[in-house]
Amino acid sequence: MGMLRSATGVQQGDPLGPLLFSLVLHGLILKIAEDDMCGELLFNKWYLDDGVLAGTSLSVRAALDVISSLGPSLGLYINFAKCEVFGKAELSAFPSEITKRYHTPQLEILGAPIGNEEFCNNFVINKQSSVSFLLQQLQGLENPQLALALLRKCAAFCKMTHISRVTPPTLIKSSLSEFDDSIHHCFTECLALNLSPQSSGWKQACLSLSRGGLGLRSVAVHSTAAYLGSVSSSSPDLASSHYVIDALNLFNLQVSAEDTVSIPLPTKSHFQHDLSQRIENCQFHALYNSGSLADRARLLSISSAHASSWLQVVPSPRQGCDMATSEMQWGIKWWLGLPLTPELGRALLNPKLEAGAGLGHERRLTRPADILIPSWSNGDKPAAIDVSITSPLKSNILSEAGVVAGAAARQTEERKHTCNDTICSELGWKCVPLVVETFGAWGRTAGQFFGELASRLAAQSHSSKTTMLNNIYGRLSLILVRANARAFNARLATTMDLLEG
C-alpha cells in the first residue's frame with residue numbers, strides 16, 4: 001500500500017490544525033472589521049469556522065460579501081446552506097441559499113438556545129433525551145460502584161456545563177431542576193436507596209468530593225456560577241445586562257454575606273470554580289450547623305484531605321479495587337450518615353464491638369509496631385510503622401471531633417508516640433504511627449510518610465508523585481470503606497441472629 005501524504009489544507013486530527021486555521025481566518029476577520037460597509041456591525045465573533053455576525057442588515061450583508069469575495073483566495077468557502085439569519089426586517093437581501101430565516105429570536109447558536117424562557121427550557125429538555133438513555137443504562141448495571149463512577153464523571157453536571165455557561169440561569173431554571181431530579185432518581189435506583197431530594201443525605205451527595213459529597217453537583221444551583229464565570233472570562237462588557245444582573249442577584253442569595261460578588265465581575269482565571277466553592281461553603285455549613293454532634297464529626301472527617309479517595313478509584317477486580325454490591329451500598333450509607341437498618345439506627349460503628357470484624361478497632365500489642373522498614377531513609381533510623389484506625393465518634397473524643405477535623409487521628413497519634421517513642425528509641429528505631437479515622441481522615445505523620453513513599457515510587461516508576469500519592473490514598477481508603485462495610489454486614493448478621501433467637 002502506498003503512503004498517503006498530507007499535501008494541502010488542514011488535516012483532521014492534526015494538533016496544529018486549529019492554530020493554522022485560526023491564523024488564516026484571523027486575516028479575514030480583520031478585513032471585515034476594516035471594511036467601511038461593515039461599519040455598523042456590532043458583533044463579529046468566531047470560534048474557528050463558526051462565526052456570529054450582528055448589526056444592521058446592510059452591515060451583515062456586507063460582511064458576507066467580504067467573506068465570499070476574499071475567502072476563496074485563502075481557501076475558505078462559506079456554506080450558505082448551513083447559515084442562519086435572524087432579523088425583524090425584510091431578509092430578502094440575503095442569499096437565497098440561506099433557508100433558515102427567523103423573524104423571532106428563537107434559534108440555536110453553537111449549541112446554545114437564543115430565545116425566551118419557554119424556548120430555552122424546551123431546548124434543554126430536548127437535549128436531555130440522550131442523557132436519559134444513558135441514565136437508564138446506568139440503572140441497569142449490576143455494579144453500583146461502577147454506576148456511581150460513570151454517573152458522576154459522564155452523565156451528571158458535565159452534560160450541562162456548556163448550556164449552563166452560555167445561557168442565563170433565569171431562562172432555564174425549571175429544565176435544569178428537572179435534570180437534577182433525573183440524576184437523583186438514577187442515583188437512588190443504582191444504590192437502592194430511599195433518599196428524598198430534600199434530605200440532608202442527598203444535599204451532602206450534591207457536594208464535591210473534597211467537601212465530603214459524592215460529586216453530584218446540582219446544575220440548577222451551580223448554573224449561576226457557570227454563567228457568571230463565563231461572562232467574566234469572555235464578555236465582561238456584558239456585565240451590565242439584565243440577564244447578568246439577575247444571575248448575580250440569584251447567586252448572592254446562594255452564598256453567605258461575605259462571599260457575595262458585585263459588578264464589575266473579577267476577570268481572574270478559575271472564577272467559575274471560585275464561585276462554586278462559595279456556594280458549597282454555604283451548603284456545607286448549613287449541613288454542619290443543622291446536624292448532631294456525631295454528624296458534625298462525620299462531616300469534618302470525610303471532608304478531610306484524601307478521605308474521599310475511595311470514590312475516585314477506577315473499579316477494577318483485577319487490581320483489587322472493586323466493591324461488592326452490598327459493600328458499596330453500606331459504604332454510601334455510612335458516608336452519608338444514613339440509617340443502616342432499624343436495628344442499627346444511625347450509622348455509628350463502635351470499634352470495641354467490631355474487634356476482628358473490620359478495620360474499626362485498635363489492638364493492644366506487646367510490640368511497638370506492625371511493620372519494620374530497616375532502611376527507610378538514608379542515614380536515618382529504621383522506621384517502625386504502627387497502623388491504627390480510630391473512630392471520631394468515640395465518647396472520649398466526640399466533643400472535640402465535632403469541632404476540629406482529624407481530632408481523633410491526632411489524639412491517637414499522640415498516644416502512640418507517648419507509648420512507643422521510648423521503646424523504639426531503645427531499639428534504635430523511629431516510631432511512625434500511621435493513623436486514620438474510620439471516616440477517612442489521616443493523621444499528620446501518615447501524610448508525611450505517604451508523601452515520601454510516593455516520591456520514591458515515582459522515581460522508580462517514572463510516574464509523577466501526584467499519581468503515586470493518589471494511588472496510595474485511593475487503595476487504602478477503599479480498603480477502609482470496604483472493611484467497614486463488611487463489619488456492618490457481620491454486625492447485622494449477629495443482630496438478626498439474636499433477634500430471631
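None of the values given here were measured: they were computed from a predicted structure.

Each helix and strand in the chain was counted, giving 16 helices and nine strands. A globule of 501 residues ought to have a C-alpha radius of gyration of about 23 Å, yet the chain, at 29 Å, is considerably larger. Summarising its shape, the C-alpha atoms of the chain cover approximately 90 × 55 × 55 Å along the three principal directions. Expressed as a percentage of its 501 residues, the buried residues of the chain come to 44%. At a minimum sequence separation of 6, the contacts of the chain that also span at least 24 residues come to 61%. Side-chain charges in the chain split into 41 positive and 43 negative, and the spacing between the mean points of these groups amounts to 7 Å.

Read from one edge to the other, the open sheet built from three strands follows the order β7-β8-β9, with strand pairing classed as mixed. Of all strands in the sheet, those with a lone pairing partner are β7 (371-373) and β9 (430-437), marking the two edges. The average undirected angle you get between the axes of adjacent strands in this sheet is 25 degrees. Examined bridge by bridge, strand β8 (residues 383-390) and β9 share eight bridges and lie parallel to one another. Within β9, the position partnered with A383 by the bridge is K430. Contacts between helix α14 (residues 407-426) and the sheet are confined to β8 and β9, with β9 contributing the most and set at about 160 degrees to the helix.

In this section: the packing of aromatic side chains. Enumeration according to the criterion identifies nine aromatic pairs in this entry. With a centroid separation of 5.8 Å and 65 degrees between ring planes, the pair formed by F449 and F450 is classed as edge-to-face. For the pair F449 and F450, a shared accessibility class is recorded, and that class is buried. Members of the aromatic cluster, each reached through a chain of ring pairs, are W330, W334, F439 and F488. If you follow R211 out to its NZ or CZ, it ends over the ring of F284, 4.6 Å from the centre. Looking at K333, its charged tip hangs above the ring of W330, at a distance of 5.6 Å from the centre.

Turning next to unusual backbone geometry. Cis geometry marks the peptide bond from I263 to P264; its omega dihedral reads 5 degrees. In this structure, H462 is a non-glycine residue whose phi angle is positive, near 60 degrees. As for its position among the elements, H462 is in the loop between α15 (444-461) and α16 (465-500).

Moving on, we get to the packing of helix α3 (residues 117-139) against helix α6 (residues 169-191). At a minimum axis separation of 8 Å, α3 and α6 run at an interaxial angle of 10 degrees. Classified by the angle their axes make, α3 and α6 are roughly parallel. Taken together, the residues of the contact of α3 with α6 sort by class into 13 nonpolar, eight polar and four charged.

What follows concerns the nonpolar core. Ranked by internal contacts, the top residues of the largest apolar core, which has 68 residues, are L151, F187, L214, W310, I332 and L336. When residues in this core are grouped by element, the largest group, nine residues, is from α6. Setting aside chain neighbours within four positions, we find F187 in contact with L148, L151, L193, L195, W202, L214, L216, I332 and L336. In this structure, L28, C83, V85 and I98 belong to the second largest nonpolar core, which totals 19 residues.

This brings us to the pattern of salt bridges. If charged atoms from side chains of opposite charge come close, those side chains can pair. The full count for this structure, using the stated rule, is nine salt bridges. A salt bridge links R217 to E280; the nearest nitrogen and oxygen atoms lie 3.1 Å apart. Here E280 lies in helix α10 (residues 271-290) and R217 lies in the loop between α7 (200-205) and α8 (219-234), a separation of 63 residues in the sequence. Here E280 falls in the buried class, since its relative accessible area comes to 3%. A salt bridge links R410 to E414; its shortest N-O distance comes to 3.3 Å. Of this pair, R410 and E414 both sit in helix α14, four residues apart, which is roughly one turn of the helix.

Let us now look at the packing of α8 against helix α9 (residues 242-252). Each pair of packed helices can be described by the angle between their axes along with the distance between the axes. It is the contact of α8 with α9, at a shortest axis distance of 9 Å, that shows an interaxial angle of 135 degrees. For the element pair α8 / α9, the angle class is oblique. Here α8 and α9 pass one another in a crossing that is left-handed. Counted together, T224, Y227, L228 and V231 of α8 and Y243, V244, A247, L248, L250 and F251 of α9 form the full contact between these two elements. Each residue belonging to the contact of α8 with α9 can be placed in one class, and the counts come to nine nonpolar, one polar and no charged.

Another aspect to go through is a nonpolar patch on the surface. Taken together, the side chains of V10, L16, L19, L20 and L23 make up a nonpolar region of the molecular surface, amounting to roughly 470 Å² of accessible area. The residue L23 is located in helix α1 (residues 17-34) in this model. Judged by its relative accessible area of 58%, L23 is exposed.

Calculation criteria
- One numbering rule holds for all chains: residues counted from 1, following each sequence as written.
- In keeping with the predicted nature of the model, local features appear solely for residues at pLDDT of at least 70, side-chain atom pairs appear and are counted solely at 80 or more, and the whole-chain, interface and lining totals rest on all residues.
- Based on all heavy atoms of the structure, the side-chain values leave hydrogens and waters out of the count.
- Secondary structure elements are defined from DSSP: runs of H or I of at least 4 residues count as helices, runs of E of at least 2 residues count as strands, and each element is numbered from the N terminus.
- Atoms considered for the radius of gyration are the C-alpha atoms alone. The globule rule reads 2.2 Å times the number of residues to the power 0.38.
- Per-residue accessibility, obtained with a 1.4 Å probe over protein chains only, is compared with the maximum for each type, and a residue is labelled buried under 20%, exposed over 50%, and partly exposed between these values.
- In this description, contact between two residues means that some pair of their heavy atoms is separated by no more than 4.5 Å.
- Charge assignment in this entry is limited to Lys and Arg as positive and Asp and Glu as negative, and neither His nor the chain termini are counted.
- One atom stands in for each charge, and that atom is NZ of Lys, CZ of Arg, CG of Asp or CD of Glu.
- Two strands are said to pair when DSSP picks up at least two bridges between them.
- Each axis is a line fitted through C-alpha atoms, taken for helices only over the stretch in contact, and angles between the N-to-C directions span 0 to 180 degrees.
- The aromatic pairing rule takes the rings of Phe, Tyr and Trp, using the six-membered ring of Trp, and pairs them if the centres are within 6.5 Å, calling planes under 30 degrees apart stacked, those over 60 edge-to-face and the rest tilted.
- A positively charged side chain is recorded as over a ring if its NZ (Lys) or CZ (Arg) lies within 6 Å of the ring centre. The angle to the ring normal must also be within 35 degrees.
- By the definition adopted for this analysis, an angle is roughly parallel if under 35 degrees, roughly antiparallel if over 145, roughly perpendicular if from 65 to 115, and oblique otherwise.
- Polar here means any residue outside two lists: the nonpolar Ala, Val, Leu, Ile, Met, Phe, Trp, Tyr, Cys and Pro, and the charged Asp, Glu, Lys and Arg; Gly therefore counts as polar.
- Think of a nonpolar core as a cluster: buried Ala, Val, Leu, Ile, Met, Phe, Trp, Tyr and Cys residues, connected wherever their side-chain atoms sit within 4.5 Å.
- Between Lys or Arg on one side and Asp or Glu on the other, a salt bridge is scored when a side-chain nitrogen of the former is within 4 Å of a carboxyl oxygen of the latter.
- We call a crossing left-handed when the near helix sits turned anticlockwise from the far one by less than a right angle, and right-handed when that turn is clockwise.
- Within this analysis, patches are made of residues with over 30% relative accessible area and no salt bridge. Like charges are joined at 9 Å or less; nonpolar side chains (Val, Leu, Ile, Met, Phe, Trp, Tyr) at 5 Å or less.
- Exposure was quantified through the Shrake-Rupley algorithm and a 1.4 Å probe, taking into account, for residues, occlusion by the shown protein chains and nothing else.

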